[in-house]
Amino acid sequence: MSARKKGPVRLSDLSGSAKTSNWSKTRDIHTEKNKQAQPVTGKSHEGNADDLIAKAKALKASKELEAEGQDRQTRAPQNVDCQAQQNGDQPAIQAGRITMIQVQKKNKERYNIYLNQTYAFAVSESVLVRFALHKGQELDREMVKNIKAAERESWAFQLATRYLAHRLRSEKEVRDKLASQEILAEDIDRTIDKLKEMKLVDDLVYGQSYVRTSKRLQKKGPGQISRYLKEKGLDQETINQSLQEYSQKDQVSNLEEIAKKYFDQQSRRHAIKTARQKTQAYLYSKGYASDLIRSVLADLISELDQEDQKQEDELLIKSFAKYYRRYHKLNPRERLYKVKSLLYQKGFASEAINRLADQYQEEE
């Protein structure tokens, strides 16, 4: 076999070989990139998902524990040990050395007390000063018990004074407010006693103040005032003493004012008889005595003049015409009977109704 002749190398041979080599390298690079871009499947993908879920659960649990700790530190002081035992939790630390006193973030007037590097309880500034609590102080079980009792009383007193800051309250109102905040009964009793000593709660003062305000502004009668004070927990003796602020002269003055105003409103829509009945019922609902009501209404009716009678006659004519048009489908006899019955119910005098009915019959 003859050997291949050596000769000059052609440029076309070199370029073709180079192109083939470059294309091969480019193909290998793209193949590797495609492999890297393909999604992970199988066990590897499942493992990553499980890790993410586990991390999310751990983060959620951590946040819940942190929120629970903040809530425990800022909530109202109660019998935490009893609650913990009922819930199956470990009771709070009962004794130890104060290792840290921390101002609460949400309430700068309250302090978290740590015993042996662990949160134990929170106190107000007044309790902190009262027991001279400081870092390094040793607290035995009895001392911790006394501090917690003082803190509960302090918290109850703060709630009560805030509630009383807006206006006077009866003893029952204050008790109900503290009970709604889950204050212990024994702490409520001590708080009420303290408020009474400071003259911040006094049912007699409360009752007298309410009587003066009600008679001047709302024009309420003694009966309505008495019912209200009874709902607020005042005993009958205290109510009677409070009502001494409401003289009979003031009652008559208020009664005359509201009776005239209400009677004028009703007489524009009803007959005098009906207007009187409605006014009498209204005054009863305001809590005035029946003998005073009858006396005032008698004087009011006796003062009616001819102008008032003329106004009632005009109202009768207007009402008769309205009802007569309403029942136009009835025969004449039934029509008049229906109209007269309605006007009787409205309180108009029978003589005036019959006289007007006769006029309608003559016109027909």
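- Going by the annotation in an unreviewed UniProt entry, the name recorded for the protein is Regulatory protein RecX, with Aerococcus urinaehominis given as the source organism.
- Quoted verbatim from the Subcellular location (unreviewed entry) heading of the UniProt record, the comment on the protein is "Cytoplasm".
- Taken from UniProt, the Function (unreviewed entry) comment for the protein reads in full: "Modulates RecA activity."

### Observations regarding the pattern of salt bridges
Turning to step 1, where the next piece is worked out: If you walk through the whole model with that rule in mind, you get 17 salt bridges.
Turning to step 2, where the next piece is worked out: Note that Arg-167 and Glu-173 form a salt bridge whose closest N and O atoms lie 3.6 Å from each other.
Turning to step 3, where the next piece is worked out: Asp-176 is the salt-bridge partner of Lys-172, the closest N and O atoms lying 3.0 Å from each other. With Lys-172 and Asp-176 both in helix α6 (residues 171-180) and four residues apart, this pair spans about one turn of that helix.
Turning to step 4, where the next piece is worked out: According to the relative accessible area criterion, Asp-176 is partly exposed, its value standing at 42%.

### Here we look at the pairing of strand β3 (residues 118-124)
Turning to step 1, where the next piece is worked out: In terms of burial, β3 is largely enclosed, as six of its seven residues are buried.
Turning to step 2, where the next piece is worked out: Relative to β3, strand β2 (residues 110-115) runs antiparallel, the two being bridged by six bridges. Across the sheet, Arg-110 pairs through a bridge with Ser-124, a residue of β3.

### Some remarks on helix α7 (residues 185-197)
Turning to step 1, where the next piece is worked out: Here α7 is 13 residues long and its end C-alpha atoms lie 19 Å apart, about the 18 Å a rise of 1.5 Å per residue gives.
Turning to step 2, where the next piece is worked out: If you check which residues of α7 are buried, you get Asp-187, Ile-188, Thr-191, Ile-192 and Leu-195. Down the axis of α7, the sector holding all buried residues measures 135°, keeping them to one side.
Turning to step 3, where the next piece is worked out: In the core, the buried residues of α7 are packed alongside α5 (141-164) and α6.
Turning to step 4, where the next piece is worked out: Of the residues one or two after α7, Lys-199 is the one with positive phi, at around 60°.

### Things to note about the environment of Glu-138
Turning to step 1, where the next piece is worked out: Counting through the fold element by element, Glu-138 comes out in strand β4 (residues 138-139).
Turning to step 2, where the next piece is worked out: For the pair Glu-138 and Asn-116, spaced 22 residues apart in the sequence, the C-alpha separation amounts to 9.9 Å.
Turning to step 3, where the next piece is worked out: A polar side-chain atom of Glu-138 sits 2.9 Å from a polar atom in the side chain of Arg-97.

### With respect to the packing of α5 against α6
Turning to step 1, where the next piece is worked out: Relative orientation of the contacting elements α5 and α6 amounts to 130°, with a least axis distance of 10 Å. Relative to α6, α5 is oriented oblique. The handedness of the crossing between α5 and α6 is right-handed. The residues of α6 that touch α5, namely those facing Ala-156, Leu-159, Ala-160, Tyr-163 and Leu-164, are Glu-173, Val-174, Lys-177 and Leu-178.
Turning to step 2, where the next piece is worked out: Broken down by class, the residue content of the contact of α5 with α6 amounts to seven nonpolar, no polar and two charged.

Definitions and limits used
- Residues numbered from 1 in each chain as written.
- Predicted model: local features only at pLDDT ≥ 70, side-chain atom pairs only at ≥ 80, totals over all residues.
- Heavy atoms only, no water.
- UniProt positions renumbered as here; feature names shortened; annotations may be inferred.
- Salt bridge = Lys/Arg side-chain N within 4 Å of Asp/Glu carboxyl O.
- Helix = DSSP H or I, 4+ residues; strand = E, 2+ residues; numbered from the N terminus.
- Buried < 20%, exposed > 50% of the residue type's maximum accessible area, 1.4 Å probe, protein only.
- Pairing = 2+ DSSP bridges.
- Expected span 1.5 Å × (residues − 1).
- Arc of directions from axis to C-beta.
- Contact = heavy atoms within 4.5 Å.
- Polar contact = N/O pair within 3.5 Å; in protein donor to acceptor, adjacent residues only side chain to side chain.
- Axes fitted to C-alpha atoms, helices over the stretch in contact; angles between N-to-C directions.
- Parallel < 35°, antiparallel > 145°, perpendicular 65-115°, else oblique.
- Left-handed = near helix turned anticlockwise from the far one by under 90°.
- Nonpolar A, V, L, I, M, F, W, Y, C, P; charged D, E, K, R; others polar.

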